[in-house]
2 protein chains.
Amino acid sequence: MLDHILRTLIGSPMPTHQMGEERLSKVRALAALSPDALSSIAYANQEIFLGLVVAGAAGLAFAWPIALAIVALLAIVALSYTQIIRAYPTGGGAYTVARENLGTIPGLVAAAALFINYLLAVAVSLTAGVAALASAFPVLWPHRTAVSLLLLAVITVVNLRGVREAGLVIAVPVYLFLGSFLAMLAIGLARALLEGPGDPAAVAPAPLQSVTLMLVLHTFASGCTALTGIEAISNGVQIFKPPETRHANQTMLAMTILMAVLFLGSTGLTQYLGVVSGPEETILSALARRVLGTNVLYFAVQLALLGVLIVGANTSYVGFPRLASLLARDGYVPRQLSLLGDRLVFSNGILVLAGLAGVLIVLFEGDSHALVPLFAVGAFLAFALSQAGMVSYWLRGRQPGWLIKAVLNSLGTLVTGVALAVMMITKFADGAWIVIVLIPLLVVVFRRIQEHYIAISAQLTLRGLPPSLLPLPEPRIVLPVSGVHRGVIEALRYAGSLSRHVTAVYVEIEPGAGERVRRQWTEWGLDSFARLEIVPSPYRSVIGPLLDYLDRQDHEVNDGQLASVLLPEFVTAHWWEAFLHNQTAWLIKLALLYRRRSLGKTRGIIDYPQHLRR
Amino acid sequence: MLDHILRTLIGSPMPTHQMGEERLSKVRALAALSPDALSSIAYANQEIFLGLVVAGAAGLAFAWPIALAIVALLAIVALSYTQIIRAYPTGGGAYTVARENLGTIPGLVAAAALFINYLLAVAVSLTAGVAALASAFPVLWPHRTAVSLLLLAVITVVNLRGVREAGLVIAVPVYLFLGSFLAMLAIGLARALLEGPGDPAAVAPAPLQSVTLMLVLHTFASGCTALTGIEAISNGVQIFKPPETRHANQTMLAMTILMAVLFLGSTGLTQYLGVVSGPEETILSALARRVLGTNVLYFAVQLALLGVLIVGANTSYVGFPRLASLLARDGYVPRQLSLLGDRLVFSNGILVLAGLAGVLIVLFEGDSHALVPLFAVGAFLAFALSQAGMVSYWLRGRQPGWLIKAVLNSLGTLVTGVALAVMMITKFADGAWIVIVLIPLLVVVFRRIQEHYIAISAQLTLRGLPPSLLPLPEPRIVLPVSGVHRGVIEALRYAGSLSRHVTAVYVEIEPGAGERVRRQWTEWGLDSFARLEIVPSPYRSVIGPLLDYLDRQDHEVNDGQLASVLLPEFVTAHWWEAFLHNQTAWLIKLALLYRRRSLGKTRGIIDYPQHLRR
């Protein structure tokens, strides 16, 4: 039944040969690769507002200069990325660029930063989307965590089915968002020209503190989240129609301009019109309400924002499993993450991402503002490492025009590095420390995992000492029995077909019970199958005396191998009935595999399952 | 390491022959068997106060009449129990008495009622004890749940070590409690005579409702918890020194008088002195404070109360596992509950009791008042069923004096039955419904479990059709391989020692990989060990194609048995490393045991564990 539900949700398995790549036009590629970047304005605007409003109207006056600084940063980063597009036409993620140009450790640092960043992108996008929704429908405000988790579940199921990145399901929300937001900005501009500036002093809450350098830097650091997602086009160059590089760069330009227009437009209008929002509304919602009024247009804008944020979260569902499978192939994370699932998606990676994002949403109570301090650090660390990697790339390669290119990427490294430093300092106590602790920890884990895989393959390799190819001698088989019944007789018949050296062992817990079993054994003529040994157990444990017996027998017989253990096991007709049995077979197996005295000993464990009919 | 911690907490195993019974004098037996009954005054007093205080001073005036009614009930129930002591000198619990005299279903109803009652006795006693403690140390009041759970853990560990019921650790708190409480009542009496009555109207909160019949009955029902635990002596007749019956009856009389004195004394003094308590104090604490002042004597009384409540909770740790083992022997609950643990205690029963009581404490937020409505129903149902069983016993046996005895037990049945009805009606919505739903549910579960065991033993019996005693033919062995490495070669050598019919199967997920494996197979000369079959898997699953292959082979060869599967399995050096492997062997085993297509098929599953060194 579980299987049936899963099939209905996820869909039927798809054969491997259906895998293929579809090339996209610039318009479809923009929709596929930009939602994460474009939707960033939702939380960036919110962070700038929340950062400044504590200083009242005087603080809010800094929104425009901060936005201009961020857009300057955006331009430099975008320009640097066009160079990565040219150098890595097959797609150069931060992990690849840093590893190839800076070495393994910087590569792993970039990978760790990206891991955390993908996770946070999902959590922040969804919670910001739900905040937009709950601004329009205040009844949802107290239930933001639950709504976010619901959306997370939906996106996860959709991704387990497998969505084409290029599908209409992605393109429609992106262009709806662009259309409605640009329209809103145009109407806002008209209103601003007609009505003149608003007075924030009239509506802003009383300042709780004065404007300090720290406050401005703190707000700038939070606003830098506007840049997250900008790397997507450089990672996905190969999905463009040829000539890929030119098309990708043109799309990069278009996306950067759109990001700048949306961000400057919304921040500027908010400040010019003197818009302020209450505690249960986002600033973008307040702006839309001010420009459009609370009518159907307003609701359309909020839903479009929710839509693009969901699609933005979805890009992590492509990026994270892809990165994980790359790392898994290099042996840095569990190998299962490199397996394609039933539906040609990396199901394990998707499930890990969804599980961890769900934990984040619950821990941070569905509040994107609380998540943001963790968010930008990972993103900017990956930016800075890619840019630094590119500097090294140009310096080593010395292709035509390498100097100007190296200078440009150096500038990128510098500004993203400075922004990163500002973030780490101003946001440290707000949560950035978590990321600063986690990244080196993840790098250590990556390396420990790789060491494990290397150690294993050294133990399994056939190079060096060639293995013996002689068959082993006929094994002794020890059969623990709980009495004389049909199950034991079936197991004895099977044991007899495997070896001529079979011993049955009865662990006697109740004094005297052994004699009864021996009498029955003889009555049924089982001595011809196997000798019965009675092992007393004064402490009423089955496992200990059985292991002792095995050690004793191995020592006495000394035929160069350990006895195999045959366990007659009942399989109950319903899973819950398993609780009604002692599960001794299972406990014996665990002891044989994991007890200290068993470690390193290769001893065959033979299950002989007997299915109970009811 | 885990093993070491457990050993330190629980102690070393004890051999079976150390089991024995110690006979007790009346003084020690009173301490062993009465703490549950004596400590009941803690919650009974509290319930009467909370029940009446909502009607203000007018309500509180009913405390004394209600207490008198409860003591009358106590006398009748105690008298009825002396007859059970005479009829069942080996100990007659409600389960035994009801089953032998009324039939299986009433017996199981009594068992279900007792199960629930033992659980609640632990939860109510501990939370009432912690309420007494937190009344003295108000800083603990908000942390009552945590403190209760801590005490629960301590009692559980002590019981897993095994406590002699007769130990000093039990006797000391009981007599300390009796001494300090009787002294407090004497001082209170002196104070009452010297100072005259207090005026409750001056201190009682304003009435929230008027005194109604429902209110009085409701309070009476809650106060009946004073009787819980009274059955303990009749269950434990065999621990007295001979003549057991006479000693037990004398102790029963002493306990009943003590219960009546403590209960009437505390209720009477509370009312006469006009004592009222606030929301963060128990009424007994308020009484002790009023009589003794807030000094060292007051703290001693509170700690003595905590002590006797803990010891009272402890009696369930003896009764519950004993009842569970009785039921397990009759096949009504999982058999594991009848196993004596390392320390000669029924460890499984103790753990089940502690786990469920912990859940109750958490669910009811450590508040004994919230638990009480569930508590008394189970106790009184068990009372009524024992008494009814005794009526039937006398009517059938017609021993000398049977008529008067039958009349007395009929009176007991009637009054406990009426009290039970009052409880079920007045407390239904407060939580009694949970018990009313649970008891029949438990009875159904008991019977389903017994049916399962009966069905199993019918399948295993050697009576009827005698089993074939011929050995099976040499089995075919199928060995799934993931490539050619040292682990596979070791597994092949083992397979060769078990049978001459070995096939290796490679499930090909990546097209073309099979050919590579076949080349290596031939290179290493493994064809002499086993034929290699390549099974393509277009949907990238290992399990499905392997099961298909097995079915096909079984069908083609058709040698009257199914092929055995040999699984080379890696055991990693550290448990966490298991996550780094696909666990394919484990998944194959699960599929062979539990997939629908495998059900009912007896197919040997051979594990060949290979321990990795790091």
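Values in this document were obtained by computation on a predicted structure and should not be read as measured data.

## Thoughts on the relation of the copies chain A and chain B
Item 1. Here chain A sits on chain B after a turn of 180 degrees about the axis and a move of 0.0 Å along it, with an RMSD of 0.1 Å. These values place the two chain copies in the arrangement generated by a two-fold rotation axis. Among all residues of chain A, the one whose C-alpha sits closest to the rotation axis is Ile606(A), at a distance of 2.1 Å.
Item 2. Of the residues that chain A buries at the interface, 100% are likewise interface residues in chain B, meaning the two copies contact each other through the same surface.

## Focus on the interface of chain A and chain B
For an interface, size is often stated in terms of accessible area lost upon the parts coming together.
Item 1. Across the contact, 59 residues belong to chain A and 60 residues belong to chain B.
Item 2. Where the side of chain A that touches chain B is concerned, the elements lending two or more residues are helix H19 (428-460), helix H20 (486-498) and strand S5 (605-611) of chain A.
Item 3. Of the residues forming the side of chain A that touches chain B, the biggest block, eight residues, is contributed by H20(A).
Item 4. Split into classes, the residues belonging to the side of chain A that touches chain B amount to 33 nonpolar, 16 polar and 10 charged.
Item 5. When S5(A) meets strand S5 (residues 605-611) of chain B, the two strands line up antiparallel, connected through three bridges. Within S5(B), the position partnered with Ile606(A) by the bridge is Ile606(B).

## Points about the packing of helix H8 (residues 144-161) of chain A against helix H15 (residues 296-329) of chain A
All names here are of chain A.
Item 1. Interaxial distance between H8 and H15 falls to 11 Å at its minimum, and their mutual angle equals 50 degrees. With respect to their mutual orientation, H8 and H15 come out oblique. Here the hand of the crossing between H8 and H15 comes out right-handed. Along its contact with H8, which presents Leu 151, Ile 155 and Asn 159, the element H15 presents Ile 310, Ala 313, Asn 314 and Tyr 317.
Item 2. By residue class, the composition of the contact of H8 with H15 is five nonpolar, two polar and no charged.

## A few points about the pairing of strand S3 (residues 531-536) of chain B
Residues and elements named next belong to chain B.
Item 1. Sheet topology places strand S2 (residues 501-508) next to S3; six bridges connect them, and they run parallel. Residue pairing across strands places Glu 508 opposite Pro 536, the latter belonging to S3.
Item 2. Viewed along the sheet, the connection from S2 through helix H21 (residues 513-523) into S3 turns out right-handed.

## Side note on the sheet that holds strand S2 (residues 502-508) of chain A
Item 1. Read from one edge to the other, the open sheet built from 10 strands follows the order S3(A)-S2(A)-S1(A)-S4(A)-S5(A)-S5(B)-S4(B)-S1(B)-S2(B)-S3(B), with strand pairing classed as mixed. On the outer flanks of this sheet lie strand S3 (531-536) of chain A together with S3 of chain B, each paired with one strand and no other. In this sheet, adjacent strand axes meet at a mean angle of 30 degrees when their direction is disregarded.
Item 2. Against the sheet, helix H23 (residues 584-594) of chain A contacts strand S1 (477-481), strand S4 (564-571) and S5 of chain A together with strand S4 (564-571) and S5 of chain B, and its axis sits at roughly 145 degrees relative to S4(A).

## Overview of helix H2 (residues 26-33) of chain B
All names here are of chain B.
Item 1. H2 sits mainly inside the fold: six of its eight residues count as buried.
Item 2. Within H2 the residues assigned to the buried category are Arg 28, Ala 29, Leu 30, Ala 31, Ala 32 and Leu 33.
Item 3. In the core, the buried residues of H2 are packed alongside helix H9 (168-195), helix H12 (232-235) and helix H13 (244-272).

## Focus on the nonpolar core
Item 1. By size, the foremost hydrophobic cluster in this structure holds 157 residues, and its most contacted members are Cys224(A) and Phe380(A).
Item 2. A total of 24 residues in this core trace back to one element, the largest contributor, which is helix H7 (residues 104-136) of chain A.
Item 3. Not counting the four nearest positions on each side in its chain, Cys224(A) is found in contact with Ile70(A), Leu73(A), Ala376(A), Phe380(A), Ala419(A) and Met423(A).
Item 4. Of all hydrophobic cores here, the second largest spans 156 residues; its members include Ile116(B), Ala128(B), Ala354(B) and Val391(B).

## Structural notes on helix H14 (residues 283-292) of chain B
Residues and elements named next belong to chain B.
Item 1. Taken across its 10 residues, H14 has eight buried, putting it largely inside the fold.
Item 2. By the burial criterion, the buried members of H14 are Ile 283, Leu 284, Ser 285, Leu 287, Ala 288, Arg 290, Val 291 and Leu 292.
Item 3. At its buried positions, H14 is contacted by helix H3 (35-53), helix H7 (104-136), H9, H13 and helix H15 (296-329).
Item 4. Downstream of H14 by one or two residues, Gly 293 has phi in the positive range, about 80 degrees.

## Comments concerning the domain arrangement of chain A
Item 1. You can read the domains of chain A as domain 1 (23-453) and domain 2 (477-611).
Item 2. For domain 1 of chain A and domain 2 of chain A, the distance between their C-alpha centroids amounts to 61 Å.

## Regarding the environment of Ala563(B)
Residues and elements named next belong to chain B.
Item 1. Relative to the helices and strands, Ala 563 resides in the loop between helix H22 (543-557) and S4.
Item 2. For Ala 563, a count of 22 C-beta atoms within 10 Å puts it in the buried group.
Item 3. Taking the C-alpha atoms as reference points, Ala 563 and Leu 149, 414 residues apart in sequence, are found 53 Å from one another.
Item 4. Not counting residues within four places of it along the chain, the set of residues in contact with Ala 563 comprises Pro 475, Arg 476, Ile 477, Val 478, Leu 550, Gln 553, Asp 554 and Arg 603.

Each value, and the rule that gives it
Residues numbered from 1 in each chain as written. Chains lettered and ligands numbered in written order. Predicted model: local features only at pLDDT ≥ 70, side-chain atom pairs only at ≥ 80, totals over all residues. Least-squares fit on C-alpha atoms with pLDDT ≥ 70 in both. Contact = placed C-beta atoms within 7 Å. Helix = DSSP H or I, 4+ residues; strand = E, 2+ residues; numbered from the N terminus. Nonpolar A, V, L, I, M, F, W, Y, C, P; charged D, E, K, R; others polar. Pairing = 2+ DSSP bridges. Axes fitted to C-alpha atoms, helices over the stretch in contact; angles between N-to-C directions. Parallel < 35°, antiparallel > 145°, perpendicular 65-115°, else oblique. Left-handed = near helix turned anticlockwise from the far one by under 90°. Right-handed = clockwise from strand over helix to strand, strands pointing away. Buried ≥ 20, exposed ≤ 12 C-beta atoms within 10 Å, placed from the backbone. Core = buried A, V, L, I, M, F, W, Y, C linked by C-beta atoms within 7 Å. Domains from an automatic or database assignment.

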